Amino acid sequence: MKLRDIVSFSFGAFRGNRVRTALVLVATAIGVAAVVILTALGEGARTYVTSEFASLGSNLLIVLPGRSETAGAGPAMFVAETPRDLTIEDAQALLRSPHVNRIAPLNVGSVPVSFRQRDRDVPVLGTTSEWIEIRHWTMDQGVFLPAGDPTTANAVAVLGAKVRDELFGSEPALGEWIRLGDRRFRVIGILSGQGQSIGMSMDEVVMVPVASAQLLFNSASLFRIFVETRSRDDMPEAKQDVINTIRARHQGEEDVTVISQDAVLATFDKIFDALTYTVAAIASISLVVSGILIMNVMLVVVSQRTAEIGLLKALGAPRVQILRLFLAEALLLSLFGAVVGLSIGAIGCIGLGQAFPALSFEPPAWAVAAACFVAIGTGLLFGVLPARRAARLDPVQALSRR
Amino acid sequence: MIELTRIERNFKVGDQWVHALRGVDLNIARGEYVSIMGPSGSGKSTLLHIVGLLDRPDAGQYRLDGKDVTTLDEVEQARVRREKIGFVFQFFHLIPRLTAAENVELPLILAGLEPEERKPRVDRVLHAVGLEDRAHHRPDQLSGGQRQRVAIARATIMEPAVLLADEPTGNLDRASGTEVIGVIESLVERGIAVVVVTHDPFVGDRARRQIRMEDGLIVSDTSSTAAR
Ligand SMILES: Nc1ncnc2c1ncn2[C@@H]1O[C@H](COP(=O)(O)OP(=O)(O)OP(=O)(O)O)[C@@H](O)[C@H]1O
Ligand SMILES: [Mg+2]
């Protein structure tokens, strides 16, 4: 029997039994589309979070005051009592480690900022000139904070893009004097749009030298120290150096926490792996359900078509030929189902992408492959198994079944 | 051509054995025109199924063209069915989604012939049964007699040595039944052996050789030169 004839026989069978064809197509398509869309959701969330963390900068250690880990009941309570402040001097001491490339201290506060009559309450970040390199930020206009002794309180400010718009509208901002609290600062630079970073809009900040921020907030303590190591491989040694240095400066007490984005990323990776697998498990339930639907439809259909199988045998078709016919039919049908499902899945992903532009929805290849594999496998299995049983009957037996 | 020796066929119904054939001996030569009559349940269909290799005997030997066909494997049996035997059923057994021409073409497709070889043969057999103008009608658009003629066209397209017909007129009125018998007899004229199982004496009496079955055995076997 010619391949072309096998295919056209299958299409004849599809046309001859439209309800069954539609049911199996829909069932397969739903199963595949569910897997594609659900895993794309999981992956979208993962890449979103990963890229958020990547935007923090590479080879980055973040030092924060206080210990977050509790090492047993007694000492933990003792340690937690009064963590010493992190100071600019602490930050500069970290530079002595050979594994540390750059550091940028950070303190944060909220201060009213005003220009002429307009004023706003915005987060003010105090840091040093290294910040822009460590965080890979870019300038829209002017320059970033000047290099030099970090304890010098220059009255200069760099504005986030949105703050600039709100205070100055279309007027030029560079060189103008703005008021932060009760101090005057000269605008020396405008940041280009930085977008979100861990929930904080970096377009809505004013950045000043760390010493000026200390005066503004009337506090010598730092919020964070950002430490850039020489390379990724230096991370563990750098971390140990940081801890040792701070301990030495804090009378032997280890009262800081050092986190690396690697650790955070790894945790999130684990969470999102779990999420993706959970979602894939849920999706495979829908595949199983559609498999059962396919099985039932096929069982009904083959029992309807047992007489046809008997006839084919009576006309001289051997068993293998009948099996080949039904195999081709099942294969074509589940292939179409998978293609329809993939299309629905792709459309769904595009739709999701439009609804949530910040996320990218791309189903992982393994999920797409597995979905198609399972869908086609189920279709083949349930298409061929009952046909195989029917093809084993003697022609009279098969013919008399109706 | 067909040599049956002590063919037996038993069915188990519940816990009882039904002896449908109790050792039938039958020889049919090339080109013979045979009718098989007898009361209901006498084993006529069962016998025809065995001759057509649609069923297997429980005992006895079946030789076709001198070769024992009961011991052939499944693929070889299918081949014999395809090449040597045409079968016509009481209930036509046409595939409803296919047109008359497509139904007739089916054995050629299964045999793996090229489309350009198939077309003229389909046209020829449809013409032979007088249905060339119904080629593209589906079975539900045809009368019973027309359907049976399509079935005969399908059974003869492989040019078998023997046509087996199980009550080919059983579902037809007299007029279409006569048409169908006419078509069958034109095959006899072309030298194809025909075995017709029937309840209708009008049909059965037309055959040159008339076999009567009762209770799983052949009880009479008469050849009349006077027939037709
Ligand atoms: N598949 C089967 N299972 C059980 N018994 C069967 C089967 N096929 C036939 N029989 C029995 O075998 C006997 C012969 O049946 P068969 O169909 O050959 O009779 P028949 O002469 O063709 O009758 P009819 O004229 O009614 O068609 C009957 O008693 C029937 O009940
Ligand atoms: Mg019968």
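Bear in mind that the values here come from a model prediction, so they are computed numbers and not experimental data.

Reading the values: the criteria
Residues numbered from 1 in each chain as written. Chains lettered and ligands numbered in written order. Predicted model: local features only at pLDDT ≥ 70, side-chain atom pairs only at ≥ 80, totals over all residues. Heavy atoms only, no water. Helix = DSSP H or I, 4+ residues; strand = E, 2+ residues; numbered from the N terminus. Polar contact = N/O pair within 3.5 Å; in protein donor to acceptor, adjacent residues only side chain to side chain. Contact = heavy atoms within 4.5 Å. Near = heavy atom within 4 Å. Buried < 20%, exposed > 50% of the residue type's maximum accessible area, 1.4 Å probe, protein only. Pairing = 2+ DSSP bridges. Axes fitted to C-alpha atoms, helices over the stretch in contact; angles between N-to-C directions. Buried area = accessible area lost by both parts, 1.4 Å probe. Salt bridge = Lys/Arg side-chain N within 4 Å of Asp/Glu carboxyl O. pLDDT = per-residue confidence, 0-100. Arc of directions from axis to C-beta.

Topologically, aspartate 394 of chain A is positioned in the loop between helix H11 (365-392) and helix H12 (395-400). Within the structure, aspartate 394 of chain A has its side chain in polar contact with the side chain of arginine 56 of chain B (distance 2.9 Å). If near-sequence neighbours (up to four positions away) are discounted, aspartate 394 of chain A is found in contact with Leu54, Asp55 and Arg56 of chain B.

As a further point, take the site of ligand 1. Residues and elements named next belong to chain B. Residues in contact with ligand 1 amount to 14 residues; listed here are only the nearest, Ser40, Lys44, Ser45, Thr46 and His199. Measuring from an oxygen atom of ligand 1, one finds a side-chain N or O atom of lysine 44 at 2.8 Å. Between ligand 1 and serine 45, the relevant distance is 2.7 Å, taken from an oxygen atom to a side-chain nitrogen or oxygen of the residue. Listing elements by their share of the shell around ligand 1, those giving two or more residues are strand E1 (2-13), strand E2 (16-28) and helix H1 (44-51).

What follows concerns helix H7 (residues 210-217) of chain A. All names here are of chain A. For H7, the tally of buried residues reaches six of eight residues, placing the bulk of the element in the interior. Buried within H7 are the following residues: Val210, Ala211, Ser212, Ala213, Gln214 and Leu216. Next to the buried residues of H7 lie helix H4 (88-93), strand E2 (100-115), strand E3 (118-127), strand E6 (177-180), strand E7 (183-191) and strand E10 (206-209). Two residues or fewer after H7 comes asparagine 218, characterised by a positive phi angle close to 55°.

All names here are of chain B. If you walk across this open sheet you meet the four strands as E2-E1-E4-E5, and the pairing is antiparallel. Each end of this open sheet is capped by a strand with a single partner; those strands are E2 and strand E5 (67-68). Sheet contacts for H1: E1, E2 and strand E4 (59-64); angle to E1, the most-contacted strand, approximately 125°.

The phi dihedral of glutamine 251 of chain A falls on the positive side, at around 50°, and the residue is not glycine. Summarising the element assignment, glutamine 251 of chain A is placed in the loop between helix H8 (235-249) and strand E12 (256-260). Backbone geometry places phenylalanine 92 of chain B, a non-glycine residue, at a positive phi of 65°. Considering the arrangement of structural elements, one finds phenylalanine 92 of chain B in the loop between strand E6 (85-88) and helix H3 (100-110).

Attention now moves to the interface of chain B and chain A. Between chain B and chain A, the contact holds 24 residues from the first and 25 residues from the second. Across the chain B to chain A interface the summed buried area is about 2300 Å²; carbon plus sulfur atoms make up 61%. Put simply, chain B and chain A have five salt bridges between them. Glutamate 114 of chain B is the partner of lysine 2 of chain A in a salt bridge, and the nearest nitrogen-oxygen pair spans 3.8 Å. Viewed at the interface, chain A and chain B are joined by ten residue pairs in polar contact (both at pLDDT 80 or more). Every element with two or more residues in the side of chain B that touches chain A is listed here: helix H2 (74-84), H3 and helix H4 (115-128) of chain B. For the side of chain B that touches chain A, the element with the highest residue contribution is H2 of chain B, accounting for five residues.

On to the confidence of the model for chain B. Residue-level pLDDT values for chain B average 93, and 98% of them are 70 or greater. Predicted complex, confidence summary: ipTM 0.92, pTM 0.70.

All names here are of chain A. Within helix H6 (residues 161-168), the full set of buried residues consists of Val163, Arg164, Leu167 and Phe168. Buried residues of H6, seen end-on, are gathered within an arc of 100° and therefore sit on one face of the element. At its buried positions, H6 is contacted by E2, E3, strand E5 (156-159), E6, E7 and E10. Downstream of H6 by one or two residues, glycine 169 has phi in the positive range, about 55°.

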